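Chain residues, written in single-letter form:
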Amino acid sequence: MRRRTSGHPEPSGDGGFATVWTAGAALALLSVFAMLMYLGAAAHARHRAAAAADLAALGAAARVTHGAGNACEAAALVARRMNADLRSCQVRGWDVLVTVRVAAGVPLGDIGGAGAATARARAGPVETLR
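Everything in this summary refers to the structure shown in the same document. (Residues numbered from 1 in each chain as written. Predicted model: local features only at pLDDT ≥ 70, side-chain atom pairs only at ≥ 80, totals over all residues. Heavy atoms only, no water.)

1. Considerations on the overall build of the protein
Okay, so step 1: Broken down by element type, the protein carries 2 helices and 3 strands.
Okay, so step 2: Listed N to C, the secondary structure of the protein is α-α-β-β-β in terms of helices and strands.
Okay, so step 3: Looking at the protein residue by residue over its 130 residues, the buried ones come to 23%.
Okay, so step 4: On the protein, roughly 9,300 Å² of surface is accessible, and the fraction owed to carbon and sulfur atoms is 60%. (Helix = DSSP H or I, 4+ residues; strand = E, 2+ residues; numbered from the N terminus. Buried < 20%, exposed > 50% of the residue type's maximum accessible area, 1.4 Å probe, protein only. Areas by Shrake-Rupley, 256 points an atom, 1.4 Å probe, with all protein chains shown as cover.)

Take a look at the structure:
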């Protein structure tokens with residue numbers, strides 16, 4: 001090893017390779033963690049939307065005998081209590097069809113379509129088979 005005029009040894013030829021490699025590995029791990037976080041949030045929102053749609057449709061079906069307006073009000077109330085937005089409510093005979101939307105709750109908003117989940121459900125009487 002040659003010595004500089006200051007008396008300190010010159011650095012070897014690695015040029016900080018370990019630092020660059022460690023920073024790259026940390027960035028890769030953070031990227032994988034962020035991807036998993038967004039996928040988990042999207043799956044969680046999908047399950048919440050499906051549950052909210054099912055319960056809103058059942059709540060509306062229980063009120064369909066009181067008219068379409070009362071049925072859709074019941075669906076809106078159930079959806080709101082489940083932190084979902086009722087997007088549509090249709091009464092077709094004794095059947096009720098609802099669509100709800102649930103925000104995924106991920107940081108940085110709607111990156112990659114992970115901002116919200118939508119679900120549809122139908123509730124009504126079961127037809128008897130003869």
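Structure's up, so let's keep going.
2. Quick word on the state of the cysteines
Okay, so step 1: Scanning all chains against the criterion turns up 1 disulfide.
Okay, so step 2: Each sulfur in the disulfide pair Cys-72 and Cys-89 lies 2.1 Å from the other. Here the S-S torsion is close to -85°, and the disulfide linking Cys-72 with Cys-89 is therefore left-handed. In this pair, Cys-72 sits in helix H2 (residues 68–81) while Cys-89 sits in strand E1 (residues 85–92), placing the two residues 17 residues apart along the sequence. (Disulfide = S-S within 2.5 Å.)

3. Here we look at the sheet that holds strand E3 (residues 116–123)
Okay, so step 1: With respect to topology, 3 strands assemble into an open sheet ordered E1-E2-E3, the strand pairing being antiparallel. In this open sheet, the two edge strands, each paired with only one partner strand, are E1 and E3. On average, each strand axis in the sheet is inclined to that of its neighbour by 10°, with strand direction left out of account.
Okay, so step 2: In the sheet, strand E2 (residues 95–103) pairs with E3 via 8 bridges, with the strands oriented antiparallel. Paired with Val-98 across the two strands is Ala-121, which belongs to E3.
Okay, so step 3: Lying on the sheet, helix H1 (residues 17–62) is in contact with E2 and E3; it crosses E3 at an angle near 30°.
Okay, so step 4: Lying on the sheet, H2 is in contact with E1 and E2; it crosses E1 at an angle near 150°. (Pairing = 2+ DSSP bridges. Axes fitted to C-alpha atoms, helices over the stretch in contact; angles between N-to-C directions. Contact = heavy atoms within 4.5 Å.)

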